[in-house]
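Listed below, chain by chain, are the residues.
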Amino acid sequence: MVEVILSTIAIVVSVISIIVSAIAAHVANKQNLRLNKINMKARYYEKIFDEYLIRKIPQARKYLRFAENRLVDSQHLSDVLSALLNDSLYFKYDDKEFYQKLRHLIQEIEDYVLECGNRTYEQEDQAEVYIEIQRKLEKLYRYINDNYTGNE
């Protein structure tokens, strides 16, 4: 009788350990797949955004200036932002929500810069224009970085 109980306990323990092992293997596999997807997406982010965020946008931003109380030379920034959106088309198919908001933020910057080029500003108001452009660019950078790190 004791042998039967011990055999039953051994079988139950074996079955439980097999189930736990299978669950652990499944969880580990899901984590590996998730990490592989994150690593792959990280490569896309680096390939698409690094050059724009580090070099192209800051350089294009330097061209903005006021002449005759109007914002001028904004075409450089508009061209860079349009190219960024075009190079980001991958996300239109992989992460449509991210792409749509990215497009909206870029459009918001382009519209503001264009609007500022069509209006005249007193000298004391010109600094506010630069500050607002900076704020909008920071919002764009933050959105891209937050999405990259998974905080969005």
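Anything mentioned here points back to the structure above.
Residues numbered from 1 in each chain as written. Predicted model: local features only at pLDDT ≥ 70, side-chain atom pairs only at ≥ 80, totals over all residues. Heavy atoms only, no water.

Focus: the overall build of the chain
If you tally the helices and strands in the chain, you get five helices and two strands. Ordering the α and β elements of the chain from the N terminus gives α-β-β-α-α-α-α. Radius of gyration (C-alpha) of the chain: 27 Å, far over the 15 Å computed for a compact globule of 152 residues. Reported as C-alpha extents along the three principal axes, the dimensions of the chain are approximately 100 × 25 × 20 Å. Counting only residues that meet the buried cut, the chain has 28% of its 152 residues in that class. In the chain, the proportion of contacts linking residues at least 24 apart, taken out of those at least 6 apart, comes to 70%. When the accessible surface of the chain is summed, it comes to about 10,500 Å², and 54% of that surface belongs to carbon and sulfur atoms. Counting 21 positive and 23 negative side-chain charges, the chain places the centres of these two groups 5 Å from one another. (Helix = DSSP H or I, 4+ residues; strand = E, 2+ residues; numbered from the N terminus. Rg over C-alpha atoms; globule rule 2.2 N^0.38 Å. Buried < 20%, exposed > 50% of the residue type's maximum accessible area, 1.4 Å probe, protein only. Contact = heavy atoms within 4.5 Å. Areas by Shrake-Rupley, 256 points an atom, 1.4 Å probe, with all protein chains shown as cover. Lys, Arg positive; Asp, Glu negative; His and termini not counted. Charge placed at Lys NZ, Arg CZ, Asp CG, Glu CD.)

Thoughts on helix 4 (residues 96-118)
For helix 4, spanning 23 residues, the distance from its first C-alpha to its last is 32 Å, which sits close to the expected 33 Å at 1.5 Å a residue. If you check which residues of helix 4 are buried, you get Phe-98, Tyr-99, Leu-102, Leu-105, Ile-106, Ile-109, Glu-110, Tyr-112, Val-113 and Cys-116. (Expected span 1.5 Å × (residues − 1).)

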